[in-house]
Amino acid sequence: MSPPLHVVQGQREQGNAGASKVKPPKYLPYAADRPIGELVDGMYRHFHVMVFHLALRYGQGNRAWAEDTTQDVFIRLFKHARRVNEMENVAGWFYRVTTNLCLNRLRRDRFLTAAPIRLFLQQSRTRPPTPEELGLVQDDLRRVFEVVNAMPSKARACFYMYHCDGKRQVEIAEIIGHSTSYVCKLIQRVETEIHAADQREEERNG
Amino acid sequence: MGSDLAQRIRSIDVQLGAVELSPAARARIRNQIATEGERFERGRVSPRAWSAVAFAGGGAACVLLLWGASEILDPAGTSVSELRAVQTEEGVEGAAAAEGAEGAAYALREVGGRCRIEREGDVLGVTRDCYLRMDTLGVDVRVMRSGSLVESEQGLRVRDGWMMFEVEEVQKGALPVVVQVPAGAIAVLGTQFSVFADASRGHVDLIEGSIQFTDGLGQVTLIEPGERVTWRSSDAGATWITSVDRALDPTKVVSRDLEATAVESRAATRQPSVGASANAQRRRPSSGQASSGATNGARKRQETQGYPAWLAEALVDVQRLRAVRRYREALRVLERTRRKVRDAKVAEVLAYEAGTLLESLGDTKAACEHWHAHTRDYPNGRYLHEIRLRLARSECRPEGASH
């Protein structure tokens, strides 16, 4: 068993190269008089990889879902493009907006995929991609991926933000709009589940 | 263990990072961005905004519809349609509103009778047997004796004369109609009453419903049907002395139409009190201050003046029942009485009374049929103008029109 997780206020060590996709090069703002379509297009070229990656991560690796979410983020950007263009931390804005949009969409999807609603809408449940389809062949990675995907969307998002993006719990709490202790609890819950899965696997292998 | 976990999750994330947007998705998103950008540049409204506009428009239409409906259902609103109907019906006569009163939203207009209206400043001098109406407030005035009055936004001020008022029911929450008399003011919420006033005295008789009388000192008195508020000038002539006669003397609530008949008879014969009921005699200014005479005495006097006691008694019963708004019973008594009456003039009065009771009952269809029958029976009757007005007010179909 891992030691209990404590609320960490200090600076965590930065993530490894794997998280580089969510840290794009610094955005250079466009001239304010440029047409809004041009601004958005420029931001799309700059940030679409990061946005898609975040969406894919929170969407359990569902590519179609991530693509739709990416499009939604940039369509919504039209309303705020000029303001965002002049922001100091544009990447931070995209990170925050994408995370919240993903969480909202996941909440909505959870409602729509409820059995009575599906029955009413005559829709079948979409199957999330298997770890193999995403190229995860190692057993331990597959196990972790399955456990994380089985967790509630908010817990999943917190866990990724904490471990992959090196976000502090305070920052995560600010992004998702909850208290730091709640964030801590969510992360801890995912970790406990992973350790429990590991233990079960060890017991099975003797 | 913790770092191992972090390592594993990062590995998964790296693996996820290897997945890229499909070319089709890229093309779709860029295309969408271009379309949206073009729309933004042109300042077009998005489909969502259109739906919001449509929703807001629908809401506004509903509000307007409801507002319009309430306007139609509003008593003041009905007056407008009624006004139109009456104007169509009355033609030139209806359009002949009181001289100089055009333009005033609350102006009195002539709706029938033999009127001669003279205006001196704000004061309207009206002759007897004149029917006036104030559409905005739903006030009908029948001038029983020549007098003068002043229009105001909230009602009327009676300076002198003898007038019968019929006020439509005021909607809940709306201000009451105020009829000012020399000694005070009457707040009305829908009722029938008569006002008599001259230079030195006057009184208000309530026929139906209830009114609030506020005297010059601000004292408010609730008047019940059959009660009379009397006033006379003080000896010095500076103030009014007001008293309320609360003894419900049935002779006081005798049919107003018979009183009117008395007025007409007097005018025809030029002799006072010929053909008048006992109550009419008592109310006439020339007959002096009304005494609280006994019912039997009054009936006897009526009998001697040409009306049998049973008729006087029945009329008293009808008026008493009407005063407490028991219209159906009043109608029953009246119908019984009508069957016994042989005098055409009295029969006409009673028939007219029956029609008003039907109206008060809210049986518009029966009232319409009754008015048509009345017009047939008395083609040159004294109520012709009033019946035409009532037919228009009740929006009755012309006689013989298919339903």
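Observations concerning the overall build of chain A
In step 1: Secondary structure summary: chain A contains eight helices and zero strands in total.
In step 2: Its helices and strands in sequence order give chain A the pattern α-α-α-α-α-α-α-α, from N to C terminus.
In step 3: For chain A, the proportion of its 206 residues judged to be buried stands at 33%.
In step 4: Looking at chain A alone, contacts between residues at least 24 apart form 70% of all its contacts between residues at least 6 apart.

Observations regarding the overall build of chain B
In step 1: Check the secondary structure of chain B and you find 13 helices and 14 strands.
In step 2: Here the contacts in chain B between residues at least 6 apart in sequence split such that 43% fall between residues at least 24 apart.

Observations regarding the interface of chain A and chain B
In step 1: Across the contact, 37 residues belong to chain A and 30 residues belong to chain B.
In step 2: Taken together, the elements giving at least two residues each to the side of chain A that touches chain B come down to helix 1 (36–58), helix 2 (63–85), helix 5 (139–150), helix 6 (153–163) and helix 8 (180–205) of chain A.
In step 3: With 10 residues, the top contributor of residues to the side of chain A that touches chain B is helix 1 of chain A.
In step 4: Considered class by class, the residues forming the side of chain A that touches chain B number 18 nonpolar, 12 polar and seven charged.

Things to note about the confidence of the model for chain B
Residue and element names in this part refer to chain B.
In step 1: Per-residue confidence for chain B gives a mean pLDDT of 71, with 70% of residues at or over 70.
In step 2: Looking across chain B, the model is least confident in helix 5 (residues 92–95), with a mean pLDDT of 37, and most confident in helix 12 (residues 364–377), with 88.
In step 3: The low-confidence segment residues 74–105, where pLDDT is below 50, has 45 contacts with residues more than four positions distant or belonging to other chains.
In step 4: Low confidence marks residues 262–304, where pLDDT is under 50. Its contacts with residues over four positions away, or in another chain, come to 64 contacts.
In step 5: Scoring the predicted complex yields pTM 0.42 and, for the interface, ipTM 0.79.

Examining the pairing of strand 12 (residues 220–223) of chain B
All names here are of chain B.
In step 1: Sheet topology places strand 11 (residues 211–215) next to strand 12; four bridges connect them, and they run antiparallel. Counterpart to Thr214 in the pairing with strand 12 is Val220.
In step 2: Between strand 11 and the antiparallel strand that follows it, strand 12, lie four residues; Gly218 among them carries a positive phi value of about 90°.

Details of helix 10 (residues 327–340) of chain B
Residue and element names in this part refer to chain B.
In step 1: Look at helix 10: 20 Å from first C-alpha to last across 14 residues, which is about the 20 Å you get at 1.5 Å a residue.
In step 2: Considered for burial, the residues of helix 10 that qualify are Tyr327, Ala330, Leu331, Val333, Leu334 and Thr337. Looking down the long axis of helix 10, one finds its buried residues gathered within 165° of arc, a one-sided arrangement. Seen from the open side of helix 10, the exposed residues pointing more than 90 degrees away from its buried face are Glu335, Arg336, Arg339 and Lys340.

Here's the deal with the environment of Gly135(A)
In step 1: Assignment of secondary structure puts Gly135(A) in the loop between helix 4 (115–121) and helix 5.
In step 2: For Gly135(A), a count of 12 C-beta atoms within 10 Å gives the class exposed.
In step 3: Once residues within four sequence positions are removed from consideration, Gly135(A) is found in contact with Gln15(B) and Ala18(B).

Here we look at the nonpolar core
For soluble globular proteins, the rule of thumb is that nonpolar side chains tend to be buried together.
In step 1: The biggest cluster of nonpolar side chains holds 70 residues, and the ones touching the most others in it are Met163(B), Phe165(B), Val179(B) and Val195(B).
In step 2: Residues contacting Val195(B), with those up to four places away along its chain left out, are Val158(B), Met163(B), Phe165(B), Val179(B), Val181(B) and Val204(B).
In step 3: Ranked by size, the runner-up nonpolar core spans 51 residues in total, among them Trp65(A), Met161(A), Cys184(A) and Ile29(B).

A word on the pairing of strand 3 (residues 123–126) of chain B
Residue and element names in this part refer to chain B.
In step 1: Alternating residues of strand 3 divide into Leu124 and Val126, all buried, and Val123 and Gly125, none buried.
In step 2: Pairing analysis gives four bridges linking strand 2 (residues 117–120) to strand 3, with the strands arranged antiparallel. Bridge assignment links Glu120 to a residue of strand 3, and that residue is Val123.
In step 3: Turn length for the strand 2-strand 3 hairpin, with the two strands adjacent in sequence and antiparallel, is two residues, and the turn residue Gly121 shows positive phi of about 65°.
In step 4: Across four bridges, strand 3 lies against strand 5 (residues 139–152) in antiparallel orientation. Along strand 5, the bridge assignment pairs Gly125 with Ser148.

Comments concerning the environment of Gly125(B)
In step 1: Residue position: Gly125(B) is located in strand 3.
In step 2: C-alpha of Gly125(B) to C-alpha of Val150(B): the two residues are 25 residues apart in sequence and 8.9 Å apart in space.

Some thoughts on the packing of helix 5 of chain A against helix 8 of chain A
All names here are of chain A.
In step 1: Interhelical geometry of helix 5 versus helix 8 gives an angle of 135° and a closest axis separation of 9 Å. Between helix 5 and helix 8, the crossing angle belongs to the class labelled oblique. Seen along the crossing, helix 5 lies across helix 8 with a hand that is right-handed. On the side of helix 5, the interface is formed by Arg143, Val144, Val147 and Val148, while helix 8 contributes Val190, Glu193, Ile194, Ala197 and Glu201.
In step 2: Of the residues contributing to the contact of helix 5 with helix 8, the split by class is six nonpolar, no polar and three charged.

Some remarks on the confidence of the model for chain A
Note: predicted coordinates in regions of low pLDDT should not be interpreted at a detailed level.
In step 1: On average, residues of chain A score 81 in pLDDT, and 86% of them are at 70 or above.
In step 2: No element of chain A has a lower mean pLDDT than helix 4 of chain A, at 70, and none a higher one than helix 7 (residues 169–176) of chain A, at 92.

Some thoughts on the packing of helix 10 of chain B against helix 11 (residues 344–361) of chain B
All names here are of chain B.
In step 1: Their axes nearest at 10 Å, the elements helix 10 and helix 11 cross at an angle of 160°. On the basis of the axis angle, helix 10 is roughly antiparallel to helix 11. For the element pair helix 10 and helix 11, the recorded crossing hand is left-handed. The segment helix 10 lies against helix 11, with Tyr327, Arg328, Ala330, Leu331, Leu334, Glu335, Thr337 and Arg338 engaging Ala347, Leu350, Ala351, Glu353, Ala354, Leu357, Leu358, Ser360 and Leu361.

Points about unusual backbone geometry
Leave glycine aside and you will find that most residues have negative phi; peptide bonds, for their part, are mostly trans.
In step 1: Even without being a glycine, Gln60(A) presents a positive backbone phi close to 60°.
In step 2: Tracing the backbone through its elements, the reader meets Gln60(A) in the loop between helix 1 and helix 2.

Topic: the environment of Gly355(B)
Residues and elements named next belong to chain B.
In step 1: Along the polypeptide, Gly355 turns up in helix 11.
In step 2: Exposure remark for Gly355: the 22 C-beta atoms within 10 Å place this residue in the buried category.
In step 3: Distance from Gly355 to His370, taken between C-alpha atoms, is 6.1 Å for residues 15 residues apart in sequence.
In step 4: Beyond its immediate stretch of four places on either side in the chain, Gly355 contacts Ala367, His370, Trp371 and His374.

About the criteria used
- Residues numbered from 1 in each chain as written.
- Chains lettered and ligands numbered in written order.
- Predicted model: local features only at pLDDT ≥ 70, side-chain atom pairs only at ≥ 80, totals over all residues.
- Helix = DSSP H or I, 4+ residues; strand = E, 2+ residues; numbered from the N terminus.
- Buried ≥ 20, exposed ≤ 12 C-beta atoms within 10 Å, placed from the backbone.
- Contact = placed C-beta atoms within 7 Å.
- Nonpolar A, V, L, I, M, F, W, Y, C, P; charged D, E, K, R; others polar.
- pLDDT = per-residue confidence, 0-100.
- Pairing = 2+ DSSP bridges.
- Expected span 1.5 Å × (residues − 1).
- Arc of directions from axis to C-beta.
- Core = buried A, V, L, I, M, F, W, Y, C linked by C-beta atoms within 7 Å.
- Axes fitted to C-alpha atoms, helices over the stretch in contact; angles between N-to-C directions.
- Parallel < 35°, antiparallel > 145°, perpendicular 65-115°, else oblique.
- Left-handed = near helix turned anticlockwise from the far one by under 90°.

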